[in-house]
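Fold and geometry: a report
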Amino acid sequence: MPAHPGEIPKPNTAWIWKTFWVITAITALEFLIAFVMPSSTLRNSIFIVLTIFKAFFIVAEFMHLKHETKGLIWTILIPMALLIWLLLALITEGNAIHKAIF
C-alpha cells in the first residue's frame, strides 16, 4: 500500500526474478550436461526431463496455474502425461517395425 495518497506502490518483481534464476540454473545445467556427457539415451532423457520441468515452472508462474484449483491442474496434467506416453509408445513401436522390416 502507498504511504501517501497518490503515491504509486513499488512493483513486486521478486517472483519474476526467482523464476528467472530457476530457469537460468536449469539451462546452465543443461549446457553443462551437453558438453560433459557423451551423446546417449541417458543424456537425451535428462534433457527431456529438465525441459519438462522448465515448462512446468513457466506455466505455473506466468500462466498462474500454481494458484488454480487441483481439478484444473489435473485436467491439464493428465492429458499431457497421456500424450507423452502415446508418443513414447509410437516411437517404440515404430522403431520395432523398422527393425523388423529392415
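Here the residue index of a chain counts from 1 through its sequence in written order. Where local features are concerned, this predicted model is filtered to residues with pLDDT of at least 70; where side-chain atom pairs are given and counted, the filter is 80 or more; whole-chain, interface and lining totals use all residues. Side-chain figures throughout are based on the complete set of non-hydrogen atoms in the structure, without hydrogens or water.

Named according to an unreviewed UniProt entry, the protein is Cytochrome C oxidase subunit IV originating from Hymenobacter psychrophilus. UniProt positions are given in the numbering used here, feature names are shortened, and annotations may be inferred rather than shown by experiment. In its Subcellular location (unreviewed entry) section, UniProt records this for the protein: "Cell membrane".

1. What about the domain arrangement of the protein?
Residue ranges for the domains originate in an automatic or database domain assignment. You can read the domains of the protein as domain 1 (1-67) and domain 2 (68-102). Distance from the C-alpha centre of domain 1 to the C-alpha centre of domain 2: 24 Å. Whether two residues are in contact is decided by their heavy atoms, any of which lying within 4.5 Å being enough. The interface of domain 1 with domain 2 comprises 5 residues on the first partner and 6 residues on the second. Two parts placed together each lose some accessible area under a 1.4 Å probe, and the buried area is that loss summed for both. Taken over both partners, the interface formed by domain 1 and domain 2 buries close to 420 Å², and the fraction arising from carbon and sulfur atoms is 72%. Polar contact criterion, stated in full: a pair of N or O atoms within 3.5 Å, where within protein one must be able to donate a hydrogen and the other to accept it, and residues adjacent in sequence count only if both atoms are side-chain atoms. Between domain 1 and domain 2 we count 0 residue pairs in polar contact (both at pLDDT 80 or more) in total. Note that Gly is not counted as nonpolar here; it falls among the polar residues with everything else outside the nonpolar set of Ala, Val, Leu, Ile, Met, Phe, Trp, Tyr, Cys and Pro and the charged set of Asp, Glu, Lys and Arg. The residue makeup of the side of domain 1 that touches domain 2, split by class, is 2 nonpolar, 2 polar and 1 charged.

2. Looking at the packing of aromatic side chains
In this scheme Phe, Tyr and Trp rings, the latter by its six-membered ring, pair at centre separations within 6.5 Å, and the angle between planes marks the pair as stacked below 30 degrees, edge-to-face above 60, and tilted otherwise. A full pass over the atoms with the stated rule returns 4 aromatic pairs. Plain terms: the ring middles of Phe31 and Phe35 are 6.3 Å apart, the flat faces sit at 25° to each other, and that makes the pair stacked. Residue Phe31 and its partner Phe35 are both found in helix 1 (residues 14-36); the two are separated by 4 residues, about one turn of the helix. Like Phe31, the residue Phe35 is exposed in the burial classification. Each member of the aromatic cluster is reached from another via a ring pair, and the members are Trp17, Phe20 and Trp21. Here a strand is any run of E in DSSP of at least two residues, a helix any run of H or I of at least four, and the numbering for each starts at the N terminus. Type-normalised accessible area, obtained with a 1.4 Å probe on protein chains alone, sets the label of each residue: buried when under 20%, exposed when over 50%, and partly exposed for intermediate values.

3. Some details on the side chain of Glu30
With respect to the element layout, Glu30 can be found in helix 1. Within the structure, the side chain of Glu30 is placed 3.5 Å from the side chain of Thr51, a separation counted as a polar contact. Not counting the four nearest positions on each side in its chain, Glu30 is found in contact with Phe47, Leu50, Thr51 and Lys54.

4. Examining the confidence of the model for the protein
Taken residue by residue, the protein gives an average pLDDT of 83. The fraction at 70 or more is 97%. Confidence scores labelled pLDDT are given residue by residue by the predictor and lie between 0 and 100. Of all secondary-structure elements in the protein, the lowest mean pLDDT belongs to helix 3 (residues 70-101), at 84, while helix 1 reaches the highest, 90.

5. A closer look at the environment of Ala34
When you line up the elements, Ala34 lands in helix 1. For Ala34, a relative accessible area of 31% corresponds to the partly exposed category. Separated by 13 residues in the primary sequence, Ala34 and Phe47 place their C-alpha atoms 8.7 Å from one another. Aside from chain neighbours lying at most four places away, what touches Ala34 is Arg43 and Phe47.

6. A look at the UniProt feature "transmembrane region" (unreviewed entry) in the protein
When the UniProt feature table is mapped onto this chain numbering, "transmembrane region" (unreviewed entry) sits at residues 20-38, 45-65 and 71-91. The span residues 20-38 is 89% helix and 0% strand, and its two end C-alpha atoms sit 28 Å from each other. Helix makes up 86% of residues 45-65 and strand 0%, with an end-to-end C-alpha separation of 25 Å.

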